[in-house]
Amino acid sequence: MKLPTDLKVTINSAMTLDGKISSYTGNSCISSKKDLVRVHKLRSKVDAIVVGINTVIIDNPMLTVRFIRSNRIDPTRIIIDSYGRIPLDSKILKTAATIKTIIVVTKQASKDTIEKIKKLGAHVIIIGSKLINLKKLFNMLYKMGYRKILIEGGGELNWSCLHGGIVNELIITIAPIVLGGRNAITLVEGKGYPIISQGIKLRLTKITQNKNDNEITLYYNS
Ligand SMILES: NC(=O)c1ccc[n+]([C@@H]2O[C@H](COP(=O)([O-])OP(=O)(O)OC[C@H]3O[C@@H](n4cnc5c(N)ncnc54)[C@H](OP(=O)(O)O)[C@@H]3O)[C@@H](O)[C@H]2O)c1
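Residues numbered from 1 in each chain as written. Predicted model: local features only at pLDDT ≥ 70, side-chain atom pairs only at ≥ 80, totals over all residues. Heavy atoms only, no water.

A. Quick look at the pattern of salt bridges. According to the stated counting rule, one finds six salt bridges in the structure shown. The closest approach of N and O atoms between R38 and D35, which form a salt bridge, is 2.8 Å. Residue R38 and its partner D35 are both found in helix 1 (residues 33-44); the two are separated by three residues, about one turn of the helix. Both residues of the pair, R38 and D35, count as buried. D112 is the salt-bridge partner of K116, the closest N and O atoms lying 3.2 Å from each other. One end of the pair, K116, and the other, D112, are both in helix 4 (residues 111-119), four residues apart, so they sit about a helical turn from each other. (Salt bridge = Lys/Arg side-chain N within 4 Å of Asp/Glu carboxyl O. Helix = DSSP H or I, 4+ residues; strand = E, 2+ residues; numbered from the N terminus. Buried < 20%, exposed > 50% of the residue type's maximum accessible area, 1.4 Å probe, protein only.)

Shown next as structure tokens:
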């Protein structure tokens, strides 16, 4: 199954020098305020933001456009959540009645859970029986009118999207921090490739430097 050529999918992430996107305790405020403004500008230009369920459980994010002025309505928030584990008191569900939110589950999610999620104002899409089939989902989103989609992690979702060939662009801000921690999540988790030659190859298109905060942002195309 191919994705339409005019669907643009970007992964954006902030990472430490040693490749971590969060500490082993789940702390993920890695990049500077300036970088945060860049991310919110990017959010203001997309139709939807997609994150994995662990990111919602650990970070409890809002996934809205803040820190900049924007006349556009907030992008749709899309959560990849096979079992419907999203906490009913998460910021996302608490604001689902006013900001468009889609929780994508599989047949593993109970009817009761789905009803509770819908009652809070979120839409629910059911795809597949085990892991969520992302290609199917992104084709469905395209048919619904979504053209620019931003993926904001975490590591497992990044792996599935990169491995599945769904991603056109990867933007990474590298902060001058070393975190270590064998259980700290890295930019890309998943099973991985057994040998270097099988790894996904990307093309570097732009580098920006934030001298004040000793950060660089790297832009790659697939
Ligand atoms: N620094 C940054 O820029 C940044 C950004 C985002 C997140 N983070 C950090 O990343 C960490 C979470 O990352 P994570 O890797 O643990 O989890 P994640 O990518 O947020 O979520 C992964 C989960 O999504 C569900 N899922 C369903 N279908 C999937 C599919 N096809 N592919 C992948 N996942 C699928 C699975 O749970 P079910 O089977 O239960 O559905 C899976 O375990 C948090 O600590 C967060 O702070 C950092």
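The rest of the description comes next.
B. Structural detail: the site of the ligand. Around the ligand lies a shell of 29 residues, among which T55, D59, S82, E156 and S160 are the nearest. Within the side chain of N54, a nitrogen or oxygen atom sits 3.1 Å from an oxygen atom of the ligand. Elements with a contribution of two residues or more to the shell around the ligand: strand 1 (8-16), helix 2 (53-59) and helix 6 (155-163). Per element, the largest residue contribution to the shell around the ligand is five residues, and it comes from helix 2. Tallied by class, residues from the shell around the ligand come to twelve nonpolar, twelve polar and five charged. (Near = heavy atom within 4 Å. Polar contact = N/O pair within 3.5 Å; in protein donor to acceptor, adjacent residues only side chain to side chain. Nonpolar A, V, L, I, M, F, W, Y, C, P; charged D, E, K, R; others polar.)

C. Fine view of the pairing of strand 9 (residues 215-221). Sheet topology note: the strand 7 (residues 169-175)/strand 9 ladder contains six bridges and is antiparallel. Within strand 9, the residue paired with T173 across the bridge is T217. For strand 8 (residues 203-210) and strand 9, the ladder comprises seven bridges, and the chain directions are antiparallel. Within strand 9, the residue paired with L204 across the bridge is Y220. Between strand 8 and strand 9, which pair antiparallel in sequence order, lie four residues; one of them, N214, sits at a positive phi of approximately 55°. (Pairing = 2+ DSSP bridges.)

D. Representation of helix 6 in the model. G155, L157, N158, W159, C161 and L162 are the residues of helix 6 that are buried. As for helix 6, its buried residues are in contact with strand 1, strand 2 (48-52), strand 3 (76-80), helix 5 (134-143) and strand 6 (148-151). Looking one or two places after helix 6, you find G165, whose phi comes out positive at around 70°. (Contact = heavy atoms within 4.5 Å.)

E. Looking closely at helix 5. Those residues of helix 5 that sit buried are L134, L137, F138, N139, L141 and Y142. The N-capping residue of helix 5, defined by a side-chain oxygen 3.2 Å from the backbone nitrogen of K135, is N133.

F. Seen up close, the environment of G145. Within the secondary structure, G145 is located in the loop between helix 5 and strand 6. On the basis of relative accessible area, G145 is assigned to the partly exposed category, the value being 41%. A sequence separation of 90 residues divides G145 from T55, and the C-alpha atoms of the two residues are 25 Å apart.

G. Fine view of unusual backbone geometry. With an omega of -5°, the peptide bond running from G153 to G154 counts as cis. Following the sequence through the fold, G154 ends up in the loop between strand 6 and helix 6. Unusually for a residue other than glycine, L63 sits at a positive phi of about 60°. Residue position: L63 is located in the loop between helix 2 and strand 3. By relative accessible area, L63 is classed as buried at 3%.

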